[in-house]
Each structure stands twice: as structure tokens, then as C-alpha cells.
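Working through the structure, step by step
For reference, the chains in residue letters:
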Amino acid sequence: MPGGQIRIVAGKVDYDNIKPKLVCTKCGEFYRELMYTGYFDVFKATEEDISLAKKQNGDNNEKNQRKQVKKTGDIAPVRLKRDANNQAECPRCGAKMKYLEPETAKIVNGRADFSDTVARFRCDECDSLYRQIASTDYYQWSEK
């Protein structure tokens, strides 16, 4: 959540309220960075903080509405077509995948690496990679 306004608590000025905080709606705690160090301290969240966090994040967000992630062994080769934004729907989780253009072969540790020389789609949600099968419109799930 973004920081709020400066407020008066028990007769003292509360400057901590202006700092952004990470609120967990399940455990009822929030985390706030300590003096710009990159370290966070945990505090008990108020009901107001929890309800605001739920509204901001939306308990019915896209991730909660997505289909179950399929096992990799259950994914057969599938025909994928790019849309106008160079994206396609992931057969494993249903999220949008990015199309990655084929690259040239590279020399890695003295050996030719052809792993990125074919067209492929990458899904950031389920961490899947689909490589093009030969010169077809079909793609197969692949390990990295």
C-alpha cells in the first residue's frame, strides 16, 4: 500500500504513516522498510489497513480466477498464434505469454548453443517455455 498522510497518534506526530507498507490480508500483519535500508520490520495491521489492502489488490484478481496449472506431462503439442501484441494464451495456466524471436547460435564454453535459435513463447506466470516444432505453427512445452 502507498504511504498515507502524517497523523497524530497519542499526542505525537506519526511520520511512519507516510512510508509505503506491505500488508498481508491473511495473517493480519504489515511490513514497513526501516530507514531506507532494504530491511523490513513487522507490525500488527489494523482492520482498516486490511480492508484497504483487500480493496486495492482485489480478492477476485486475475490470479485467483485463473485455471489450475496443468502438469507438464499433460501438455500435448499445441498450435499457437500470435495476436497483435505478439502474445498468445498459455496452454498450461491460461495467462498471456510473450513471443520471443529466434536468435543466432552462440558459443558457450567452446561449444555451439542452438537452444534459442527457434521461435518460442515464454509465460511469466507459470514459468513455462514453448518451442516451435520445425517450421509448423505447433509448439511444445520445453525445459529451459
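Notes on the structure in this doc start here.

Cut-offs applied
Residues numbered from 1 in each chain as written. Predicted model: local features only at pLDDT ≥ 70, side-chain atom pairs only at ≥ 80, totals over all residues. Heavy atoms only, no water. Helix = DSSP H or I, 4+ residues; strand = E, 2+ residues; numbered from the N terminus. Buried < 20%, exposed > 50% of the residue type's maximum accessible area, 1.4 Å probe, protein only. Contact = heavy atoms within 4.5 Å. Lys, Arg positive; Asp, Glu negative; His and termini not counted. Charge placed at Lys NZ, Arg CZ, Asp CG, Glu CD. Pairing = 2+ DSSP bridges. Core = buried A, V, L, I, M, F, W, Y, C linked by side-chain atoms within 4.5 Å. Axes fitted to C-alpha atoms, helices over the stretch in contact; angles between N-to-C directions. Disulfide = S-S within 2.5 Å.

**A short note on the overall build of the chain**
A count of helices and strands for the chain gives 2 helices and 13 strands. A principal-axis box enclosing the C-alpha atoms of the chain has dimensions of 70 × 40 × 30 Å. Looking at the chain as a whole, 23% of its 144 residues are labelled buried. Summarising the internal contacts of the chain: among those between residues at least 6 apart in sequence, 29% fall at separations of at least 24. The averaged location of the 22 negative side-chain charges in the chain is 3 Å from the averaged location of its 26 positive side-chain charges.

**So, the pairing of strand β13 (residues 138–142)**
As paired elements, strand β6 (residues 78–79) and β13 share 2 bridges and run antiparallel to each other. For Val78, the partnering residue across the bridge sits in β13 and is Tyr139. Bridging between strand β12 (residues 128–132) and β13 involves 4 bridges; their strand directions are antiparallel. Each bridged residue has a counterpart across the sheet, and for Arg131 the counterpart in β13 is Gln140. Once β12 ends, the chain turns through 5 residues before running back antiparallel as β13, passing Ala134 with a positive phi of about 50°.

**Brief notes about the nonpolar core**
Ranked by internal contacts, the top residues of the largest apolar core, which has 14 residues, are Leu80, Cys90, Met97, Phe121, Cys123, Tyr130 and Tyr139. Those elements that provide at least two residues to this core are β8 (96–100) and β11 (120–123). Residues Val23, Phe30, Ile50 and Ala53 belong to the second largest nonpolar core, which totals 5 residues.

**Overview of the sheet that holds strand β4 (residues 29–33)**
Here 3 strands make up an open sheet; going across it, the order is β3-β4-β5 and the pairing antiparallel. Each end of this open sheet is capped by a strand with a single partner; those strands are β3 (21–24) and β5 (40–44). Averaged over all neighbouring strand pairs, the angle between strand axes comes to 25°, with direction disregarded. Bridge count for β4 against β5 is 5 bridges, and the pairing is antiparallel. Residue pairing in the sheet places Glu33 in a bridge with Phe40 of β5.

**With respect to the state of the cysteines**
Going through the model one piece at a time under the given rule, you end up with 0 disulfides. Unpaired in this structure, Cys90 has its nearest cysteine sulfur neighbour in Cys126, at a distance of 3.7 Å. Under the relative-accessibility criterion, Cys90 is labelled buried at 1%.

**As for the side chain of Lys21**
Take Lys21: it is sitting in strand β3. Apart from residues lying up to four places away in sequence, Lys21 is in contact with Met1, Phe30, Tyr31, Arg32 and Asp49.

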